[in-house]
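# Inside the fold
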Amino acid sequence: MCGVTPEIRELIVKARRNGKRVKDIAEMFDVNRKTVWKWCKRTMKVGRPVYRDRSRKPYRVHRKITPNVEEAILLLRDSFNWGTQRIMVALLSPPPYIRYFLETVIGEEWRKIRLSRQSINNVLKRHKMNGSPYKKTRKEWKFFRAECPNDMWQIDIKGPFLIDGKRMNALLILDDYSRFLVSVQLFKSITTDVVTQALDQSISTYNSPRKILADNGPQFRATFEKWCTEPQRKIDVVHAPPFYPQCKGKIERCIRNFNEEYIRLDMVFEDISTFVGEYQEWYNTERYNSGIHDIPMNLYLSENVTDLT
């Protein structure tokens with residue numbers, strides 16, 4: 001039979017107490033002998049016998065979101081106004097300065113934890129801190145992507161902005177295929193010479209790209225194009241159409257990440273200019289990029305474009 005009701009269980013126990021054999025009881029009620037032994041044994045305990053099913057609720061519930069984890073979620077949201085995706089990444093693989101920040105405030109060693117965005121949002125919702133600070137508009141963009149690593153680099157300038165009380169600019173270079181952050185450097189001012197020097201350093205480390213996508217800023221005009229097309233480089237320069245930032249959307253998204261994950265550190269930390277190298281390494285080797293569903297380093301090395309060792 002599919003199940004045994006409490007009434008039948010009571011009859012099984014009474015038959016056994018009246019001297020019936022287990023084999024005969026099992027045949028009588030169409031159950032196996034294990035069921036007969038189980039209910040006879042369970043009713044031998046002190047107290048009134050209970051023939052109902054026991055609760056399947058576990059004795060102990062090990063919750064992943066402890067008070068310390070909840071405090072960390074609220075801390076990252078309140079300090080940097082991060083969304084669930086960025087908080088999820090910071091909890092799982094925080095850069096060294098964020099780890100230090102969490103350990104200082106919470107008062108104990110931080111242990112990595114993997115949470116879903118929904119779980120994080122539930123915590124924020126309980127404290128009425130959920131919701132995106134950005135206006136949500138749905139638009140359809142034409143998507144494009146380079147064919148392989150170093151096929152195209154995107155380059156752009158962020159700034160000016162204040163860091164440690166100083167007016168600075170950031171030069172960012174991104175591999176279009178893998179979202180690998182080739183270079184990120186801070187300068188008081190950025191000219192064409194500064195851009196070409198940064199590119200020289202990147203090329204000596206990661207090899208030369210086939211194309212570079214840039215906007216129409218003064219740093220990327222005639223002198224820059226001449227430098228790129230010299231025989232020893234032979235790099236094609238592609239300029240984004242005016243008033244169409246979607247053309248270089250990957251570097252624009254990277255700049256937004258840089259603003260929210262690095263520049264906002266100035267609200268809590270001091271001397272954050274010393275974190276640039278750590279931020280770049282974390283961005284490339286540990287930060288999960290939802291645009292490529294992977295870590296940038298994994299895709300950048302997929303074609304063995306260079307030996308980074």
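Our subject in this report is the structure included herewith. (Residues numbered from 1 in each chain as written. Predicted model: local features only at pLDDT ≥ 70, side-chain atom pairs only at ≥ 80, totals over all residues. Heavy atoms only, no water.)

## A short note on the pattern of salt bridges
If the charged atoms of two oppositely charged side chains come close together, the side chains can form a pair. Evaluated as defined, the whole model comprises 12 salt bridges. Of the charged contacts in the structure, one is a salt bridge between Lys-248 and Asp-156, with a shortest N-O distance of 2.6 Å. Here Asp-156 lies in strand S1 (residues 152–163) and Lys-248 lies in the loop between strand S5 (236–239) and helix H10 (249–261), a separation of 92 residues in the sequence. Of the two residues, Lys-248 and Asp-156, neither departs from the other in class, the shared state being buried. Each of Arg-86, Arg-256, Glu-260, Glu-261 and Arg-287 takes part in a single network of salt bridges with overlapping partners. (Salt bridge = Lys/Arg side-chain N within 4 Å of Asp/Glu carboxyl O. Helix = DSSP H or I, 4+ residues; strand = E, 2+ residues; numbered from the N terminus. Buried < 20%, exposed > 50% of the residue type's maximum accessible area, 1.4 Å probe, protein only.)

## Concerning a positive patch on the surface
On the surface, a cluster of positive charge is contributed by Lys-34, Lys-38, Lys-41, Lys-45 and Arg-54. Structurally, the position occupied by Lys-34 is in helix H3 (residues 33–42). (Patch = residues over 30% accessible without salt bridge, like charges linked within 9 Å, V, L, I, M, F, W, Y side chains within 5 Å. Areas by Shrake-Rupley, 256 points an atom, 1.4 Å probe, with all protein chains shown as cover. Lys, Arg positive; Asp, Glu negative; His and termini not counted. Charge placed at Lys NZ, Arg CZ, Asp CG, Glu CD.)

## Details of the packing of aromatic side chains
Under the counting rule described, the total for this entry stands at 16 aromatic pairs. For the pair Tyr-206 and Tyr-300, a centre-to-centre distance of 6.0 Å together with 85° between the ring planes defines the contact as edge-to-face. Remark: Tyr-300 occurs in helix H12 (residues 296–300) and Tyr-206 occurs in helix H8 (residues 192–206); sequence separation between them is 94 residues. For Tyr-206, a relative accessible area of 13% corresponds to the buried category. A residue is classified by how much of its surface remains accessible, and Tyr-300, at 0% relative accessible area, is buried. Ring geometry for Phe-258 and Tyr-262: centres 5.0 Å apart, planes at 20°, overall stacked. Note on Phe-258: relative accessible area 0%, which makes it buried. Following the ring pairs from residue to residue traces out a cluster consisting of Phe-80, Trp-82, Tyr-97, Phe-101, Phe-269 and Phe-275. (Phe/Tyr/Trp six-rings, centres within 6.5 Å; stacked < 30°, edge-to-face > 60°.)

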